[in-house]
Amino acid sequence: MRTYCIIHSSEVSSVDFDQVLQADEDKLRYSLDGTKTFIKYEGTQPFFLLGKTEYTHEEILSILSGSEWTSDEII
Amino acid sequence: MSTLTTHTTASRDSHSIGLCKFNTTSKAIEVSDGNSWYIYDYDQFLGSYTGNSYAVSYDGTDDYHTVALDGTSTGGVLASSDTDIALTLSFWFKPSGGDIFGWQDTPTSTSPTILFTPQNASGTTYSLYYAGAYRHTFSSSEIVVGSWNHFMITRTASTNTWSIFCNGNSTPVDTFVQTNSLSNRANMTNMYFSSAYYGHGQNVFDEIAFWNSDQSSNLSTIYGSSTPGSGSPVDLTSSQPYCWWRMGDNESASNGSAAGTITNTGTSSTGSTNYDLTVGGGSPTYTNSVV
């Protein structure tokens, strides 16, 4: 089961991509203002994420659908 | 079914009028006239069809695949003349929310060529943008959320007519006759699967195929049944798609493993550009939950 943690963009450099599902920095999705991103993993929370709030798939989908992450502008 | 016997280039059989062999070195068919070998070479090798055991799942947070399938007028995969543009895109998908597909320059482009998305950022009623506008909103019976659906969009060169087909029904759910020009063609640089204007989609994709020709008359062959609603993915080898992404069936896939680069097995795969699907974001996974 996948677990998700939101981190600040400044913390990306501390991510060990061998311990998470995204392959590298280029595969991350950022908030619309660019200040946040999220990491996803399976199993135990990686050490470098200790203290970060863990979200389930449903919880992160709800967060990502908000205006902080998704534009509601219509083409 | 008869089977040709074989020989190799280094050790061809002795000549005999009408003798027909498969050359295992060159992969060509060779026929003897008693003195010389007449060689009938293949056009393309499409790989061998191995059935359908895998699809690719996208979790709706950041997963998507992309391919630089350039349809612009400067050396793209489509005809350079706007009056000659024909295309077909076909895929099976199981949507659970979020964006489906885009053919555009960037995932958030406001000038896409084709966009298949919910009506708004959080909706599950899907709309299709093509020919410069949102032109069709799918009913809940045309695209069923949480179920496998087949989608095919075509455009003819002869009449510039777009047609949208759902689940093998030969009556399009939408048609539109465009002027010669393809709207936003200059931005037609990348295809995005499970990502488009609003963000990312929670989907499963299987058997994605693209032709730079109109295949609307081959709908039932591509769909796999003459009866709408009862088709299933079939071997598309004989339909010769320009690009064909099997979504795991030609890869070393296993259920739940990372779906990295998806190999193009279409006729263009032997050209100078591979047109493989690459991970644009997140971490898509293979699933054996297939159609």
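Residue and element names in this part refer to chain B. Taking strand neighbours across the sheet as the criterion, the seven strands line up as β11-β10-β9-β8-β15-β6-β18 in an open arrangement whose pairing is antiparallel. For this open sheet the edge positions go to β11 (133-137) and β18 (278-281), each flanked by a neighbour on one side alone. Here the average twist between neighbouring strands, direction ignored, is 30°. As defined by bridge partners, strand β10 (residues 126-130) adjoins β11 across four bridges and the pair is classed as antiparallel. Within β11, the residue paired with Ser127 across the bridge is Thr137.

A few words on the interface of chain A and chain B. Counting residues at the interface gives 18 residues for chain A, matched by 23 residues for chain B. Counting each side, the surface lost to burial between chain A and chain B is near 1,600 Å², with a carbon and sulfur contribution of 55%. Looking at the side of chain A facing chain B, the largest losses of area belong to A:Lys27, A:Arg29 and A:Ile75, adding up to 38% of the total buried there. Counting across the interface, chain A meets chain B through five salt bridges. B:Asp63 is paired through a salt bridge with A:Arg2; the nearest N and O atoms lie 3.3 Å apart. Here chain A is connected to chain B by 13 residue pairs in polar contact (both at pLDDT 80 or more).

What counts as what
Residues numbered from 1 in each chain as written. Chains lettered and ligands numbered in written order. Predicted model: local features only at pLDDT ≥ 70, side-chain atom pairs only at ≥ 80, totals over all residues. Heavy atoms only, no water. Pairing = 2+ DSSP bridges. Helix = DSSP H or I, 4+ residues; strand = E, 2+ residues; numbered from the N terminus. Axes fitted to C-alpha atoms, helices over the stretch in contact; angles between N-to-C directions. Contact = heavy atoms within 4.5 Å. Buried area = accessible area lost by both parts, 1.4 Å probe. Salt bridge = Lys/Arg side-chain N within 4 Å of Asp/Glu carboxyl O. Polar contact = N/O pair within 3.5 Å; in protein donor to acceptor, adjacent residues only side chain to side chain.

Bear in mind that shape data such as this cannot, by itself, settle questions of function.
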